[in-house]
Structures are given as C-alpha cells and as structure tokens.
Amino acid sequence: MQPNDAVLIVVDVQNDFCPGGALAVPDGDAVVGIVSRIAKQFSAVVMTQDWHPADHISFASQHAGRAPFETVELPYGTQVLWPDHCVQGTAGAAFHPGLVVPGVQAVFRKGFRRMVDSYSGFLEADRTSTTGLGGYLAERGLGRVFVAGLATDFCVAWTALDAQALGLDVTVIEDACRGIDAPTIPGGTLADAWRRMSDAGVRRGRSDGLV
Ligand code: VGL
Ligand code: ZN
C-alpha cells in the first residue's frame, strides 16, 4: 500500500480517448488494466472526466472553416481545436468499461463551461475557473500525488503541472499513461510535455516501481 497521504488521480480514461473513440489516443486502452491494478494500492483514488457541452468552444465544428488540430486565439490564449469528443451524457464520455476501480472516491468533471476548455483537472484554460480538486486534496491532507491516464501530453501533463504548482509532491506513472504526440501542434509532442514536467520538478515513475 501507498502511504495515507498519497492519492492516485486517474485522468480521462474515457471511451472517446481510446481506440474507436472520437479523439483516440494511440494505444490508449493499454492504460485500463494497469490503472485498475495499481489503484488497489491507494487508499485515496479520484478520477477526472472530460465533460463538454455539445457546442463546446474547443470543438473545430464550432469554428467555420477550421479543422481539428488547428489552433485559434480565444480570450484566454491559444486553443487547439479538437474533434467533437466527450459530450456530456454520451457513450464517448463514459469511462472505459474495462476500468475497474470500485474504490474511486470522487470524480472531477472539467471542460463543462461552453467558453472555456480544460486540460487540467485543477484549473481550466482561463487559469481562473476551478474544478474544486485542489481544495479537495487539501481538505483530505493528500499531498503526495500520482497521476495516470490520458493523454500524457495534454490532460495528464497539465494536471501534474498544476498539482506541482500547488506545492504537492507529484509523480506521473509513465507506463500508466499514453500520449497524443502531435508534432503539428506547437509544443504538442510527448517529448515537449515531458520536458515541461521535468523542468517543473514532476517525477517520472513506473507502475512496477510503486511496489
Ligand atoms: C484531452 C484534448 C482535449 C485529454 C481532453 O484528456 O488529454 N485532450 N480534451
Ligand atoms: Zn476535451
């Protein structure tokens, strides 16, 4: 077992990010078994769930003449445009059916405000709107954060960086994550994301090293 102040944050292990989904991460479903296995070692487990309205601002379909993986400028900065994905209440937004984590204690939804995207499980892209996860961890005294899920280079990385910025001790479990690795998106490769994380002091762990 991990110590009592450790929490596993399972990021966006949803059908739309797995093969066959609207925004499939290559080999994304490979994390399902690993996460289900390691979750048993944590006395605290929470999940994030990407949860967009059908007309969400991050969808290329909402921007005439624009295609997925292009970028647009929004009031809060540059936004990557995505295929429609994780629409509230749809099968694509549901957790992968193979994810077996009966002990999960809370689910933090994000990206539910039409005009703001959110990769991070803590703070949305306007860097102001919160999900409540930071307060939840603080109130429970969970200062040792382990992050797994999808996608390494977007929602996992942003979640890990925000946890680190809150002063928590953060480890990303590398083999329990898979990335999009998009070289056409500025700063969008897996290597770019790992560089940002290691520069910030995020640790890089492996599921077999957790014991
Ligand atoms: C994600 C792009 C858009 C993710 C979510 O979970 O990494 N990526 N929405
Ligand atoms: Zn999304």
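Structure shown above.
Residues numbered from 1 in each chain as written. Chains lettered and ligands numbered in written order. Predicted model: local features only at pLDDT ≥ 70, side-chain atom pairs only at ≥ 80, totals over all residues. Heavy atoms only, no water.

**Student:** Help me out: how do you make sense of the overall build of the protein chain in this one?
**Tutor:** A count of helical and extended segments in the protein chain gives four helices and eight strands. Its helices and strands in sequence order give the protein chain the pattern β-α-β-β-β-β-α-β-α-β-α-β, from N to C terminus. Its C-alpha radius of gyration of 16 Å places the protein chain within 12% of the 17 Å reference for a compact globule of 211 residues. Projected onto its principal axes, the C-alpha positions of the protein chain cover 50 × 35 × 30 Å. Out of the 211 residues belonging to the protein chain, those deemed buried represent 54%. The long-range fraction of contacts in the protein chain, counting pairs at least 24 apart against all pairs at least 6 apart in sequence, stands at 73%. Here the protein chain has roughly 8800 Å² of accessible surface; of this, 55% comes from carbon and sulfur atoms. Both charge centroids of the protein chain, one from 16 positive and one from 23 negative side chains, sit 5 Å from each other. (Helix = DSSP H or I, 4+ residues; strand = E, 2+ residues; numbered from the N terminus. Rg over C-alpha atoms; globule rule 2.2 N^0.38 Å. Buried < 20%, exposed > 50% of the residue type's maximum accessible area, 1.4 Å probe, protein only. Contact = heavy atoms within 4.5 Å. Areas by Shrake-Rupley, 256 points an atom, 1.4 Å probe, with all protein chains shown as cover. Lys, Arg positive; Asp, Glu negative; His and termini not counted. Charge placed at Lys NZ, Arg CZ, Asp CG, Glu CD.)

**Student:** Sorry, what's going on with the environment of R37 here?
**Tutor:** Looking at where R37 falls in the secondary structure, it is placed in helix α1 (residues 30-38). Overall, the relative accessible area of 43% leaves R37 in the partly exposed class. Sequence separation between R37 and L99 is 62 residues; the distance between their C-alpha atoms is 9.5 Å.

**Student:** Please explain the site of ligand 1 as it appears in this structure.
**Tutor:** In the vicinity of ligand 1, the residues found are D12, F17, L23, D50, W82, H85, Y119, L150, A151, F154 and C155. With respect to ligand 1, the side chain of D12 contributes an N or O atom lying 2.7 Å from an oxygen atom. The separation between an oxygen atom of ligand 1 and a polar main-chain atom of A151 is 3.1 Å. For ligand 1, the protein covers 100% of the area, taking 260 Å² as the surface of the free molecule. When atom positions are compared with the pocket grids, ligand 1 is found to occupy the largest cavity. Each residue belonging to the shell around ligand 1 can be placed in one class, and the counts come to eight nonpolar, one polar and two charged. (Near = heavy atom within 4 Å. Polar contact = N/O pair within 3.5 Å; in protein donor to acceptor, adjacent residues only side chain to side chain. 1 Å grid on protein atoms, 1.4 Å probe; cavity = no way out; pocket = protein on both sides within 12 Å on 5 of 7 lines; lining within 4 Å. Sits in = over half its atoms within 2 Å of the grid points. Nonpolar A, V, L, I, M, F, W, Y, C, P; charged D, E, K, R; others polar.)

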